[in-house]
Amino acid sequence: REGTQTTKLGFKMTFATRYISSFGQLSKIKKFRLFPALAGVLNDANAGGGYYKQEQTRNAHSTSALQADTSHAVEEIISATPTGGLRARFSLTAEVAVSKIFPAGFGWQSSSILAENMGFAPESMKFALTTGVGDGIGVFLGHTLYYSAKKALASGDIDMAREKDIGILLGTAGFFSGTAWQPLVNALQGANLSFNEVFFGTWVGCGAAFYAGLRCGRTILSGFLDHVDEPTYDNSKNDISLSIAIGGATGFFVGTDASYLPDQNFLIDCVGIKDKMSDLTGCAIAGTSTAMGFTTAQTVENLVFPTGKCWND
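Residues numbered from 1 in each chain as written. Predicted model: local features only at pLDDT ≥ 70, side-chain atom pairs only at ≥ 80, totals over all residues. Heavy atoms only, no water.

1. Some words on the packing of helix α6 (residues 125-153) against helix α7 (residues 160-190)
Put simply, α6 and α7 touch, their axes get as near as 7 Å, and they point 155° apart. With respect to α7, the element α6 is oriented roughly antiparallel. The handedness of the crossing between α6 and α7 comes out as right-handed. Its residues assigned to classes, the contact of α6 with α7 shows 13 nonpolar, 12 polar and 4 charged. (Axes fitted to C-alpha atoms, helices over the stretch in contact; angles between N-to-C directions. Helix = DSSP H or I, 4+ residues; strand = E, 2+ residues; numbered from the N terminus. Parallel < 35°, antiparallel > 145°, perpendicular 65-115°, else oblique. Left-handed = near helix turned anticlockwise from the far one by under 90°. Nonpolar A, V, L, I, M, F, W, Y, C, P; charged D, E, K, R; others polar.)

2. Quick word on the pattern of salt bridges
Following the criterion strictly, the structure yields 7 salt bridges and no others. The shortest N-O distance in the salt bridge between D313 and R89 comes to 2.7 Å. Of this pair, D313 sits in the segment after α11 (279-304) while R89 sits in helix α5 (residues 85-117), and the two are 224 residues apart along the sequence. Between E95 and K150 there is a salt bridge, and its shortest N-O distance comes to 2.8 Å. (Salt bridge = Lys/Arg side-chain N within 4 Å of Asp/Glu carboxyl O.)

3. Here's the deal with the packing of aromatic side chains
Using the criterion set out here, one finds 14 aromatic pairs in the structure. Pairing W108 with F127 gives two aromatic rings, centres 6.2 Å apart and planes at 75°, and the pair type is edge-to-face. Here W108, found in helix α5, pairs with F127, found in helix α6; they are 19 residues apart in sequence, far enough to count as distant. Taken individually, W108 and F127 each receive the classification buried, so the pair is uniform in this respect. Taken together, a centroid distance of 6.1 Å and an interplanar angle of 20° make the contact between F200 and W203 stacked. Within this pair, F200 and its partner W203 are both found in helix α8 (residues 195-221), separated by 3 residues, close to a single helical turn. Since its relative accessible area comes to 46%, F200 is described here as partly exposed. An aromatic cluster is built from F195, F199, F200, W203, F252 and F266, whose rings are joined through pairwise contacts. (Phe/Tyr/Trp six-rings, centres within 6.5 Å; stacked < 30°, edge-to-face > 60°. Buried < 20%, exposed > 50% of the residue type's maximum accessible area, 1.4 Å probe, protein only.)

4. Focus on the side chain of S243
Checked against the element boundaries, S243 lands in helix α9 (residues 233-253). On the basis of relative accessibility, which here comes to 4%, the residue S243 falls in the buried class. Here Y211 takes part through its backbone nitrogen, which lies 3.4 Å from a polar atom of the side chain of S243. Sequence-distant contacts of S243, defined by excluding residues within four places in its chain, comprise G207, F210, Y211 and L214. (Polar contact = N/O pair within 3.5 Å; in protein donor to acceptor, adjacent residues only side chain to side chain. Contact = heavy atoms within 4.5 Å.)

5. Some points on the nonpolar core
Core analysis: the biggest nonpolar cluster contains 43 residues, and L170, W181, F210, L214, L242 and F294 have the highest contact counts within it. Secondary structure elements with two or more residues in this core: α5, α6, α7, α8, α9 and α11. With 8 residues, α8 is the largest single contributor of residues to this core. When sequence neighbours within four positions are dropped, the list of residues in contact with L242 reads L170, F210, L214, F294 and W311. (Core = buried A, V, L, I, M, F, W, Y, C linked by side-chain atoms within 4.5 Å.)

6. Re the side chain of T256
Within the fold, T256 resides in the loop between α9 and α10 (268-271). By relative accessible area, T256 is classed as buried at 7%. Non-local contacts of T256, meaning those with residues more than four positions away in its chain, are made with V271, G272, I273, A286 and S289.

Next up, the structure:
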């Protein structure tokens, strides 16, 4: 009987400990369901009748060791709970600004120069579409080149097929917002609005265009790209928070227009593109403006959004 009961207790505790160690990523609900089971096993050892009471002294050391092992395993569960935090949010923010947002602004400005050289007026749809394509290509190329370099230099486990699909989705959304930018700015400036009104109007309008591009992209691309999820309620919340930050990038991009109400343009000294600047310098400043706008907007989101509620969680 002694051998049988001790074996059962040992099996219970060993199984419980291994169960905990193997599933260190359990949700909080599962963890609290598991603890009463562990407590029951310990109570069997300490509060059981008959033979266990007679052998309590002999087995005290063994029981204490089992309790210590169990306590250590429980601590492992808690310490293994995923924690993102501000560091993770800001790290991804910087990565996105470098890999996608700067290339988007650079690509838009480059394509605007191309459109002008082709004779497209800034008020024409050809100009808007050309700059939209440039924006989208900038996002796609920036994303894929960045992660190709990261895979070669730092993280060999990056799935480039997945990154390619994501780059296509984000590039599609970039095309939507990039195409909308010039017509929207033309309309707002044509209404003789203040710089701040143009700034925030562009933020909202292009942010909405980017969101529309994400949802359309998910609807169409999920049919043949393995790593693009179809539109759902859950990913719509992430798409909204990302689109808000993208709107900030497009709003700051308004500051590159040094000719419109320069006295009100609070960004003109940082990102204003002057007439005498070279094309390459202008493209670099354009990319800088979008990166600044995105980083500013995303910083606010990083600090305000609860854990698990922002796209970069």
